[in-house]
Amino acid sequence: MKALAAVVLSLAAFVPTFAEAAPKLLSNHRDWNLYVVEGDEKLCYIASEPKKQEGTYKSRGNPFIIVARIPSNPPIDEVSVRTGYAYKKDSEVSVRIDGTAFSFFTNDEQAWAKSAEDDKAAIAAMRRGREALVQATSTRDTKSSDTYSLSGFSDAYSALAAACGKSASLAVPGPLRG
């Protein structure tokens, strides 16, 4: 749970007004938690930790998957994952939500959906899905495979909308997308 609250530090690089703010747990929705960070603006995100972790690694940090509502006009929803290590340079992370496959781009220790359309499609798949499988490769060429439950995701996403505004836009590119 502490690892999920710490996700705000990774978001702070893209939304600097939150760098000093501490996340507050607003609600729990089965396997998903809703957090809010108050700064000059309000940042909300839902997050979950894997139910199963497999791989060839010796040790790593805490993995998690998040959907963050980034303050803008209108707000933007972004899906990202962290696997607890730095990703292999120029590698991609495979995210499979039930039968739907997505490829996320990587930067250091975080991976994002490649486009706003992929964010929207991943969120839609997560709302109707049962589990998400995240597979990645580290800078040391170790591999990981994390399985996340999507139980409670739809309720958590609805709570996110209620807490941080209902009109999210996925039409604006994310911070690292070209």
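Let us look at the structure shown here. Computed from a prediction, not measured in an experiment: that's the story for all the values here. (Residues numbered from 1 in each chain as written. Predicted model: local features only at pLDDT ≥ 70, side-chain atom pairs only at ≥ 80, totals over all residues. Heavy atoms only, no water.)

1. A closer look at the pairing of strand β5 (residues 64-70)
Alright, step 1. Across the 7 residues of β5, 7 count as buried, placing the element largely inside the fold.
Alright, step 2. Residue alternation in β5 divides its side chains into two sets, F64, I66, A68 and I70 and I65, V67 and R69, and both sets are buried.
Alright, step 3. Inspection of the sheet shows strand β3 (residues 42-48) paired to β5 by 5 bridges, in the antiparallel sense. Looking at β5, one finds that Y45 is bridged to A68.
Alright, step 4. Bridge count for β5 against strand β6 (residues 76-82) is 7 bridges, and the pairing is antiparallel. Its bridge partner being in β6, V67 is matched across the sheet by V79.
Alright, step 5. The loop that links β5 with its antiparallel partner β6 comprises 5 residues. (Buried < 20%, exposed > 50% of the residue type's maximum accessible area, 1.4 Å probe, protein only. Helix = DSSP H or I, 4+ residues; strand = E, 2+ residues; numbered from the N terminus. Pairing = 2+ DSSP bridges.)

2. Topic: the pattern of salt bridges
Alright, step 1. Inspection of the entire model under this criterion finds 8 salt bridges.
Alright, step 2. A salt bridge links K51 to D31; the nearest nitrogen and oxygen atoms lie 2.9 Å apart. Of this pair, K51 sits in the loop between β3 and β4 (52-55) while D31 is found in the loop between β1 (24-29) and β2 (32-38), placing the two residues 20 residues apart along the sequence.
Alright, step 3. The class for D31 is partly exposed, based on a relative accessible area of 22%.
Alright, step 4. Put simply, D141 and K88 hold a salt bridge, and the shortest N to O gap is 3.0 Å. Separated by 53 residues along the polypeptide, D141 in the loop between β10 (131-137) and β11 (143-149) and K88 in the loop between β6 and β7 (92-97) bring together distant segments of the chain.
Alright, step 5. A residue is classified by how much of its surface remains accessible, and D141, at 43% relative accessible area, is partly exposed. (Salt bridge = Lys/Arg side-chain N within 4 Å of Asp/Glu carboxyl O.)

3. Here we look at the packing of helix α3 (residues 116-128) against helix α4 (residues 153-164)
Alright, step 1. Contact pair α3 / α4: the axes reach a minimum separation of 7 Å and the direction vectors enclose 130 degrees. Between α3 and α4, the crossing angle belongs to the class labelled oblique. Contacts between α3 and α4 involve I123, M126 and R127 from the former and F153, S154, Y157 and S158 from the latter.
Alright, step 2. Its residues placed into classes, the contact of α3 with α4 shows 4 nonpolar, 2 polar and 1 charged. (Axes fitted to C-alpha atoms, helices over the stretch in contact; angles between N-to-C directions. Parallel < 35°, antiparallel > 145°, perpendicular 65-115°, else oblique. Contact = heavy atoms within 4.5 Å. Nonpolar A, V, L, I, M, F, W, Y, C, P; charged D, E, K, R; others polar.)

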